[in-house]
Every structure is written in structure tokens, then in C-alpha cells.
Amino acid sequence: MSQLTFSGNRLGILLLLVTMATAAKAQGPEQILAWVEQYPHTESAASSVEDVQDLEIGLGALQKVRSQWEFKDSERVTGELQRNTWRLASGFSSAELFEELSQKAEQLAGSELLFACSGRACGHGAQWANRVFGQRILYGRDDQQRYSIYRVEEDERYRLLMYSSVRSTSRQYLHIDLIRLADPE
């Protein structure tokens, strides 16, 4: 009888460990996207998935250099880009949601913040909206924008870019680019 109980306990512990491992794996950067999709106060404004090659991503603010808008620092990546833009329901703050997502991103296994900025320190909001993300609806007040980029590397390698903007109190947006990096050749 005690042998059966011991085996039952071992089976229970094994199932618990498998469940915990599965839950930990589900906490990857895709989980950030899933969480926003389930957030009751967001509505999808745009989404796409595409393969990208040598996509420039900002590791610094946008600045004008010799009449051209450029990142103060950047890197080029190749992989699969998931691009999502959400509009928040009236009365909800994109800044608050951005901060909550930043906390979640920092808790991801293998996560490292590469760059973050807010307000005018990010550069011109119209350039982020049009040049960087290709979503003119993201253009808002320069002093209300937020941007951060994370390196997430555990089983796979990712870059997680988050941007929030405020056009008016009733038009606030959150944008996320998730890039699953291609294996280096």
C-alpha cells in the first residue's frame, strides 16, 4: 500500500513539474501579444506577419542628421515580424498599459532591456508612426510617446519593440513589433 502511495506521489510531482515547465515556456514574448489580445479594453487596429530581411530597429532616439531622420543607434535583424497595433477604449491610458507590459517583458526569461525612452527624448512622433512602424494612426503628441526594446533569448531569439502614443484622451494606441530572429548562418 505504501509503495502505491509513493508511486502516486511521484506521478503527481512529475505532472506538476511538466505543468510548470509548460507554463514557463508559455511565458515567452508571444505571451505578451496574447495578453494584450485578451485585455478587455483594446481593439485591434492593424496586424500583420511577414518575413523581413535587414530590418533596422531603433536602439536609440530618432534624430535628424543632415536632413535625414536616423536612429542614434540601431541594429539590423532578419526573421519573422509580427506587427500589431491596438486602440484603447476611451478612458483607458496607453501609458498605464505600456508600463504594465514593460513589467511583464522584464519578467520574461532571458529578457534584457536594450533601450527605452519617453516623451520628446524619443524624437519626433510622426517619424516613429510613419517611418518606423508604418502606422500613421500612431502619430500623437511627442511628449506622450513611449518606446522600449527588449532582447529576449532563451530557446529562440527575439526582439520585442513596444510603442505607445496619445492623439487625444479618447484616441490612445499601443503598438508591438515582435521579431523572431532567423538562425545565424
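It should be noted that the structure appears before, not after, this text.
Let us look at the structure shown here. (Residues numbered from 1 in each chain as written. Predicted model: local features only at pLDDT ≥ 70, side-chain atom pairs only at ≥ 80, totals over all residues. Heavy atoms only, no water.)

1. With respect to the packing of aromatic side chains
Stage number 1. By the definition in use, this model includes 8 aromatic pairs.
Stage number 2. Between the aromatic rings of Phe-133 and Tyr-163, the centroid separation amounts to 5.3 Å while the plane-to-plane angle is 45 degrees, which identifies the pairing as tilted. Of this pair, Phe-133 sits in the loop between α4 (125–132) and β6 (146–153) while Tyr-163 sits in strand β7 (residues 157–168), and the two are 30 residues apart along the sequence. One exposure class covers both Phe-133 and Tyr-163, and it is buried.
Stage number 3. Grouped by ring-pair contacts, the aromatic residues Phe-71, Phe-115, Trp-128, Phe-133, Tyr-147 and Tyr-163 constitute a single cluster.
Stage number 4. Over the aromatic face of Phe-71 sits the side chain of Arg-131, whose NZ or CZ is 5.4 Å from the ring centroid. (Phe/Tyr/Trp six-rings, centres within 6.5 Å; stacked < 30°, edge-to-face > 60°. Helix = DSSP H or I, 4+ residues; strand = E, 2+ residues; numbered from the N terminus. Buried < 20%, exposed > 50% of the residue type's maximum accessible area, 1.4 Å probe, protein only. Lys NZ or Arg CZ within 6 Å of the ring centre and 35° of its normal.)

2. Some thoughts on empty space enclosed by the protein
Stage number 1. What the rule picks out here adds up to 1 cavity of 30 Å³ or more.
Stage number 2. Lining the largest cavity are Leu-55, Glu-56, Ile-57, Arg-83, Val-132, Phe-133, Leu-161 and Asp-177.
Stage number 3. Residue contributions to the lining of the largest cavity peak at 3 residues, all from strand β1 (residues 42–58).
Stage number 4. Residues of the lining of the largest cavity, tallied by class, amount to 5 nonpolar, no polar and 3 charged. (1 Å grid on protein atoms, 1.4 Å probe; cavity = no way out; pocket = protein on both sides within 12 Å on 5 of 7 lines; lining within 4 Å. Points joined across faces, edges and corners; volume = space filled by probe spheres on them. Nonpolar A, V, L, I, M, F, W, Y, C, P; charged D, E, K, R; others polar.)

3. Quick word on the environment of Leu-97
Stage number 1. Tracing the chain through its elements places Leu-97 in helix α3 (residues 94–106).
Stage number 2. Each C-alpha atom, one on Leu-97 and one on Ser-164, is 8.7 Å from the other, the two residues being 67 residues apart in sequence.

By themselves, these are just geometric observations and shouldn't be taken as functional.
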